[in-house]
Amino acid sequence: MAAVHGPILPAHPSPFRNAQSVPHSRLSSLTLGQSGFVRVPYPDPCAGRSMSHGSVDHGANVAYGVHLANDENPYHPFNSQIKWEVARWAKLRGATSTAFLDLLLIDGVSEHLGLSFKNANELNKIINYKLPTGRPKFKREQVIVVGESFDVYYCDILECIKSLYGDPDFARYLTFTPKCYYTDKDQTVRLFHDMYTGKWWWNAQKKLDQHCPGGTIILIIISTDKMQVTMFHNKSAYPVYLTIGNIPKEIHHKPSCGGHILLAYLPTTRLEQITNKASCRQSLANLYHACLSHVLAPLQHAGLEGINMRSGDGALRRCHPLFVSFVGDYPEQLLTTGIKFGDCLKCDVEKDDTESNTVLDGLVALDQGNLAFVCACAAVGIKPVIHPFWEKLPFANIFQGVTPDGLVKHLLAWLEVACGAMEIDARCQRLPPNHHIQLFTKGITTLSCVSGTKHAQICCFLLSIIIDIRLPNNLNAGHLLQAVQGLLDFITETLQLLDEALDLFHENKLIFVDLGIQNNFNLPKLHAARHYPLMIMLFGSTDNYNTEYTEWLHIDLAKDAYRATNHKDEFAQMTRWLERKEKILRHQKYVTWRLTGNDPAPLHSHALDALAHNIHFPFRRLPVFHKVKWCSVDARRCITYFALIIDFCVGQVRVMFTFPPKSIPLLFPPTVHLPTHLAYVEWFTPFPPAADRNSRLYKLSQSLRRGDTVASIVPVANIERSVHLIPRFGVMAPREWMSDTVLEDCDTFWLNLYIDRYTFSMFR
């Protein structure tokens, strides 16, 4: 929901008949291509083909119902809807066992609800023994490293893959073969988005066809991130998550959709008994790889020979699960690859897109003795890791599959020194509200443990708030703006523009040296930015493998699970709690299917100028609306629509209303078709012919005519979307301005192009 009092971009018409619109040269060229994009399927029709089509009787939900053995009651093993709803609430809404018991002990509650369970233990028994398994159960095994055993909690990875692949909610969205998309009929400009559009799958399918034709590749994406489960007591967890690239990224974006699955909890020991720091780090690395090798071992045979798997619609295919990508921050990348700090994980790999033969040859030297092994690993540029988990995985190239990490943390630190923490926070506190962004009412410089989501939110307004700011020694702020713009423009749509954005940063980065912030730019993350185009061409756009998703998963699959324990032997309790939760979620899908008769349908995603002068309104009150719901729009699909808009303008909606039905015949003749919902809009000035030279943002002001604000009444249907205006703060943000009233206090604004990809694509 968006608040009414926000700037809105109407589609048409604008009150400025002769205004010059924003240049659309680049936009028009993209539109012509996208209106006739070409899809090129994989040439071998046998790839991804089903071996047999399952009938309705083989559907995942029907197979689930067979285990329940009750065709009459959709809620079985619960006797009624109320009993099922209470059980679902108890397990999914965060109530502790004690709180649930206290509720049931209230006199008359259990009797009136007719519950067959009187406490949490009895409910747990029903879930444990009477509900079919939703997702694989956890196993507890020990891995021995340096003569010490460590517990590893993990699920069978093949069963996890079958669970995701066979989920009936995903059946209609799964992709089984790679495809190429082009923007033109000559196939000169290629599109990359989901993983099936990347080159990796296409190349891997060719190799697999040489070894075992007719197979379906399941793209395995592994992500890890060690994290704290408590603010105090220093309790930590080391979860490993799994997803498959056959599921569209739109599902991965939402943890509530269940597109990820918890694969394992790795040991969190620090090996403090090893006093030598180098030996301790090496032992921790060996422990990490030994645990993951054990968890991922089934992929070695299944990846080459394949296993028969049924998708949610019942179709049977021979599937080959292949490790594709590892998602983690920079320390995790170093731990996974064995590369030394500061070295590039990819530069030596680009010469060979298929396999890192040199590194594997070095790892073989382990059989020649410790000294020979250490020397061989040093020669190929990695640490002496004993049997890394990716060593024997078929078609795997860990150096190619490691995804790059972001630079926002460095950029924020640089700007804090350059512009002053107090001034940056003051500007953040005075930003107008918008439903696209989070308001940081206490500023951004004092934030700790900043997640990827918050970094993304900060990037939405970072460039706008440093315009006109005064730098020390009166240095030219233009270079600072262009350097920041270069890093932020990494959300651009083409690989060529991606390189141009990075070049813009490098052309202006010396401003940070002049400010005394940096002596050099030998930053691994900055160097890794050069590899973004290669990653996108191989694996699709970067939101296929974003570390932001794991941060959300921590809440559902680690922190909430830990809170449900008594904090003693917590991992055994966490895994049991997660198993029960997954059973409830799976049963909920079955109940929905039984009640609706089929799987849930997929979610899918002009006018009037009223001239009213000297008119007597036959009413004193109007029905008004205080909120409006905006639908999320994909930037790629809507560029064509925007190319048709010739003249538009930004306005601030003051009220949305409708006329009383009895008054309409008194105001308008019968031939006039009056829209149901109208909006009173106060306009801003037309877009200037060109954006600002340094920031490339458009400057707007409140539109006045003889001292009065220019306003119109327009149909709500003509309002295209919400936009965000950043006040022009000047050298120092006026301290009397407030976030709620800044749109009235300030008279000049910058149009925020970074609010979302849709707006960025339109105005860049």
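Here's what I pulled together on the structure shown here. (Residues numbered from 1 in each chain as written. Predicted model: local features only at pLDDT ≥ 70, side-chain atom pairs only at ≥ 80, totals over all residues. Heavy atoms only, no water.)

## Details of the overall build of the chain
To keep things clear, this is the line we draw: Secondary structure elements are defined from DSSP: runs of H or I of at least 4 residues count as helices, runs of E of at least 2 residues count as strands, and each element is numbered from the N terminus. The rule is simple: take the accessible area with a 1.4 Å probe, protein chains only, and divide by the maximum for that residue type; under 20% is buried, over 50% is exposed, in between is partly exposed. Accessible areas in this description were obtained via Shrake-Rupley with a 1.4 Å probe; residue shielding takes into account the shown protein chains only.
Tallying secondary structure elements over the chain gives 30 helices and 25 strands in all. Looking at the chain as a whole, 52% of its 764 residues are labelled buried. When the accessible surface of the chain is summed, it comes to about 36800 Å², and 53% of that surface belongs to carbon and sulfur atoms.

## With respect to the nonpolar core
How we decide: For our purposes a nonpolar core is just a set of buried Ala, Val, Leu, Ile, Met, Phe, Trp, Tyr and Cys residues, chained together by side-chain atoms within 4.5 Å. Every residue pair with non-hydrogen atoms within 4.5 Å of one another is taken to be in contact.
Core analysis: the biggest nonpolar cluster contains 90 residues, and Phe 461, Ile 465 and Phe 512 have the highest contact counts within it. Not counting residues within four places of it along the chain, the set of residues in contact with Phe 512 comprises Leu 411, Trp 414, Leu 480, Ala 483, Phe 505, Ile 517, Gln 518 and Phe 521. Tyr 154, Leu 296, Ala 302 and Trp 577 belong to the second-largest nonpolar core, a separate cluster that totals 78 residues.

## Quick word on helix 25 (residues 548-563)
Residue pairs three or four apart in sequence face the same way in an α-helix, which turns once every 3.6 residues. Rule in force here: One less than the number of residues in a helix, times 1.5 Å, gives the span that helix is expected to have. For a residue, the bend is simply the angle between two axes, fitted respectively to the seven-residue segment ending there and the seven-residue segment starting there.
With 16 residues, helix 25 extends 22 Å from end C-alpha to end C-alpha; this agrees with the ideal 22 Å at 1.5 Å per step. Residue His 554 marks the point of greatest curvature in helix 25, where the axis turns by about 40 degrees. Taken as a whole, helix 25 has its buried residues at Glu 548, Tyr 549, Thr 550, Leu 553, His 554, Leu 557, Ala 558, Ala 561 and Tyr 562.

## Details of the sheet that holds strand 19 (residues 699-701)
Note the following rule: Criterion used throughout: strands pair if DSSP finds at least two bridges between them. Working convention: axes come from line fits to C-alpha atoms, limited for helices to the stretch in contact. Angles between N-to-C directions cover 0 to 180 degrees.
The strand order across the open sheet formed by three strands is 19-25-24, and the pairing between neighbours is antiparallel. Strands at the two margins of the open sheet, each flanked by one partner only, are strand 19 and strand 24 (725-727). Each strand of the sheet is rotated relative to its neighbour by a mean of 40 degrees, with strand direction disregarded. Relative to strand 25 (residues 748-751), strand 19 is paired through three bridges, and the arrangement is antiparallel. Bridge assignment links Ser 701 to a residue of strand 25, and that residue is Thr 748.

## Some words on the packing of helix 16 (residues 408-419) against helix 20 (residues 477-488)
Selection rule: Any angle between 65 and 115 degrees counts as roughly perpendicular, while under 35 counts as roughly parallel, over 145 as roughly antiparallel, and the rest as oblique. Take the far helix as the reference: if the near one is turned anticlockwise from it by less than a right angle, the crossing is left-handed, and if turned clockwise, right-handed.
Running from N to C, helix 16 and helix 20 cross one another at 165 degrees; their axes reach a closest spacing of 12 Å. The orientation of helix 16 with respect to helix 20, classified from their angle, is roughly antiparallel. Between helix 16 and helix 20 lies a crossing whose hand is left-handed. For the pair formed by helix 16 and helix 20, the contact residues are Leu 411, Leu 415 and Cys 419 on the first element and Leu 480, Val 484, Leu 487 and Leu 488 on the second.

## Things to note about the side chain of Ser 50
You can see Ser 50 is positioned in the loop between strand 3 (38-41) and helix 2 (60-68). In this structure Ser 50 comes out as buried when scored by relative accessible area, which is 15%. For Ser 50, the residues in contact, after removing those within four places along its chain, are Ala 315, Leu 316 and Arg 317.

## Topic: the environment of Leu 557
Here Leu 557 shows up in helix 25. Along the chain, Leu 557 and Tyr 241 lie 316 residues apart, while their C-alpha atoms are 9.4 Å from each other. Those residues within four positions of Leu 557 in sequence are excluded, and the remaining contacts are Tyr 241, Leu 262, Tyr 265 and Leu 578.

## A few points about a nonpolar patch on the surface
We count it as follows: Residues enter patches when their relative accessible area tops 30% and they take part in no salt bridge; the joining distance is 9 Å for like charges and 5 Å for the nonpolar side chains Val, Leu, Ile, Met, Phe, Trp and Tyr. Any carboxyl oxygen of Asp or Glu within 4 Å of a side-chain nitrogen of Lys or Arg constitutes a salt bridge here.
Taken together, Trp 89, Leu 103 and Ile 106 make up a surface patch of nonpolar side chains, about 260 Å² in accessible area. Tracing the sequence through the fold places Leu 103 in helix 4 (residues 97-105).

No statement about biological role is implied by the geometric values presented.
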